[in-house]
Amino acid sequence: GDTVLTCGRNEARVRELNEIPGVTASVVDVSSPEQVAAWAETAPPVVDVLVNNAGVLRIGDPAAAITMEAFDHVMDTNLRGPVAVTGAFWSRLPQSKLGGRVVNVGSTTETPKLAQAFHWVYSASKGALRTYSTALRQARATHALVRPHSRAGVHARARVWQEGALVGVRVVHVKAGAFASALH
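The present account deals with the structure reproduced in this document. Predicted model only: the values in this text are computed from it and were never measured. (Residues numbered from 1 in each chain as written. Predicted model: local features only at pLDDT ≥ 70, side-chain atom pairs only at ≥ 80, totals over all residues. Heavy atoms only, no water.)

Next up on the list: the pattern of salt bridges. Scanning the entire structure with this criterion turns up four salt bridges. The shortest N-O distance in the salt bridge between E11 and R15 comes to 3.7 Å. Taken as a pair, E11 and R15 lie in helix α1 (residues 11-17) at a separation of four residues, close to a single helical turn. Of the charged contacts, one joins R130 and E110 as a salt bridge, the two residues approaching to 3.5 Å between their closest N and O atoms. Note that R130 is positioned in helix α4 (residues 120-140) and E110 in the loop between β4 (101-105) and α4, a separation of 20 residues in sequence. Residue classification places E110 among the buried positions, given a relative accessible area of 9%. (Salt bridge = Lys/Arg side-chain N within 4 Å of Asp/Glu carboxyl O. Helix = DSSP H or I, 4+ residues; strand = E, 2+ residues; numbered from the N terminus. Buried < 20%, exposed > 50% of the residue type's maximum accessible area, 1.4 Å probe, protein only.)

So, on to the packing of aromatic side chains. Enumeration over the complete set of coordinates arrives at two aromatic pairs. An angle of 35° between the planes, with centres 6.1 Å apart, marks the rings of F71 and W120 as tilted. Of this pair, F71 sits in helix α3 (residues 68-89) while W120 sits in helix α4, placing them 49 residues apart in sequence. With a relative accessible area of 22%, F71 lands in the partly exposed category. (Phe/Tyr/Trp six-rings, centres within 6.5 Å; stacked < 30°, edge-to-face > 60°.)

Written out as structure tokens, the structure is:
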């Protein structure tokens, strides 16, 4: 079996995850670079797959009157968090026999035609995450963009996981629809 390292802010839910064989969960707020760095110190020297799926969706913040605290909360979790986590684990990824994988979970709302005034900060953060994914792919020169809602996306995703002999870290940006997480 695989070993899964995960984190979340909800202490009770993290305890529940630790009851699953093969899972090591820690209470970490990914918007805190200090907490992320401390968490990464406990990780094994090799990481095969890193999934950045943290997300905060604030609904109802008016585009013209959002507070900077609300803006920062979303951006710190949805964008700074994945950047901090990826940076903290990056050196462990190339050591993997798979070559290392980074999966950044975006959103269907990251595209301008699906963004809405009542959750524009979330859309902006996920659009910025996509740009970050692109920058990582360009830096490593191996990539795949997966659109899970299309047949081509399903096949592309399958190819990403089957190409284990590739050298270098591969970065995948998944445009996910709405889903609930047990860790928030």
